[in-house]
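# Residue-level structure breakdown
Single-letter residue listing:
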Amino acid sequence: MTIARPDPGPDFGSARPIPRTPSGLFPSGPPARPTYREPHPITGGGVATGGGAAAGWLLLFGLLGTDVASYAWWTVIAGLLAWVTALVLVRHGDRGVATGVAIVTAGGWSIAAAVVAVRWATSGDWPLW
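This report concerns the structure included in the present document. Please read all numbers here as calculations on a predicted model, not as lab measurements. (Residues numbered from 1 in each chain as written. Predicted model: local features only at pLDDT ≥ 70, side-chain atom pairs only at ≥ 80, totals over all residues. Heavy atoms only, no water.)

## Description of the nonpolar core
Which entries qualify depends on this criterion: Take the buried residues of types Ala, Val, Leu, Ile, Met, Phe, Trp, Tyr and Cys, join any two whose side-chain atoms come within 4.5 Å, and each joined set is a nonpolar core. Accessible area is worked out with a 1.4 Å probe on protein chains only. A residue is then buried under 20% of its type maximum, exposed over 50%, and partly exposed in between. We count a stretch as a helix when DSSP gives it H or I for four or more residues in a row; a strand needs E for two or more, and each element gets its number in order from the N terminus.
Counting six residues, the largest nonpolar core is built from Ala 54, Ala 82, Ala 86, Val 97, Ala 98 and Val 101. Elements with a minimum of two residues in this core: α2 (68-92) and α3 (95-123). It is α3 that provides the largest number of residues to this core, a total of three residues.

Structural data, given as structure tokens:
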């Protein structure tokens, strides 16, 4: 007497899975190329420190001015000295601080230019000579 067994279907256990190439979203091994990291990365704290130092520097020099012309020239001189310092910091120091110095110096020069332009527009006389 034979007992009828149900057909088990195809045998999936004996087939080997097809190897898949990873997408790169979840890397499975070391990177194919070396990863280079910044030895001194720019941080928000460094930028804020440089910005605060430059703001104080421009304020001290701006307070030396007694009129619009002297304020503008003192601001230009202070900005040039600050940018020289920022260039030295970029080369030999903290680039985040240099970034903050450069940004705030550009803003200070913009304010001085606006003050000169308003004085020129209201008086009709160029205030810097």
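Having seen the model, we can carry on.
## Topic: the side chain of Thr 75
Rule in force here: Polar contacts, as used here, are pairs of N or O atoms within 3.5 Å; protein pairs need one atom able to donate a hydrogen and one able to accept it. Residues neighboring in sequence count only if both atoms are side-chain atoms. Any two residues whose heavy atoms approach within 4.5 Å are treated as being in contact.
Structurally, the position occupied by Thr 75 is in helix α2. The class of Thr 75 is buried, set by a relative accessible area of 2%. Among the polar contacts listed, one links the side chain of Thr 75 to the backbone oxygen of Tyr 71, at a separation of 2.8 Å. Excluding residues within four positions of it along the chain, Thr 75 makes contact with Leu 58, Gly 62, Gly 108, Trp 109 and Ala 112.

## A look at the packing of α2 against α3
What counts, and what does not: Helix axes are fitted to C-alpha atoms over the stretch in contact, other axes to C-alpha atoms as well, and angles between N-to-C directions run from 0 to 180 degrees. Our angle categories are set so that under 35 degrees counts as roughly parallel, over 145 as roughly antiparallel, 65 to 115 as roughly perpendicular, and the remainder as oblique. The crossing is said to be left-handed when, going from far helix to near helix, the turn is anticlockwise and less than a right angle, and right-handed when the turn is clockwise.
Axis separation between α2 and α3 bottoms out at 9 Å; the angle between their running directions is 165 degrees. Taken as axis vectors, α2 and α3 run roughly antiparallel relative to one another. Crossing geometry of α2 relative to α3 is assigned as left-handed.

## Things to note about the packing of aromatic side chains
Selection criterion: Note on ring pairs: Phe, Tyr and Trp rings are taken, using the six-membered ring of Trp, and paired if centres are within 6.5 Å. Classes follow the plane angle, with under 30 degrees stacked, over 60 edge-to-face and the rest tilted.
For the structure on display, the rule yields six aromatic pairs. Of the aromatic side chains, those joined through ring pairs into one cluster are Trp 73, Trp 120, Trp 126 and Trp 129.

## Some points on the environment of Trp 74
Locating Trp 74 in the fold gives a position in helix α2. Between the C-alpha atoms of Trp 74 and Leu 59, which are 15 residues apart in sequence, the distance is 9.9 Å. If sequence neighbours within four positions are ignored, Trp 74 has contacts with Phe 61, Leu 64 and Gly 65.

## Things to note about helix α1 (residues 44-62)
Under the convention used in this document: To estimate the expected span of a helix, subtract one from its residue number and multiply by 1.5 Å. The reported arc concerns the directions from the helix axis to the C-beta atoms and nothing else.
With 19 residues, α1 extends 26 Å between its outermost C-alpha atoms, agreeing within 8% with the 27 Å of an ideal straight helix rising 1.5 Å per residue. Burial in α1 covers these residues: Gly 46, Gly 50, Gly 51, Ala 54, Leu 58, Phe 61 and Gly 62. Buried positions in α1, seen along its axis, are confined to an arc of 130 degrees and lie on one side of it. Turned more than 90 degrees away from the buried face of α1 sit Gly 44, Ala 48, Thr 49, Leu 59 and Leu 60, all of them exposed. Check the buried side of α1 and you find it contacts α2 and α3.

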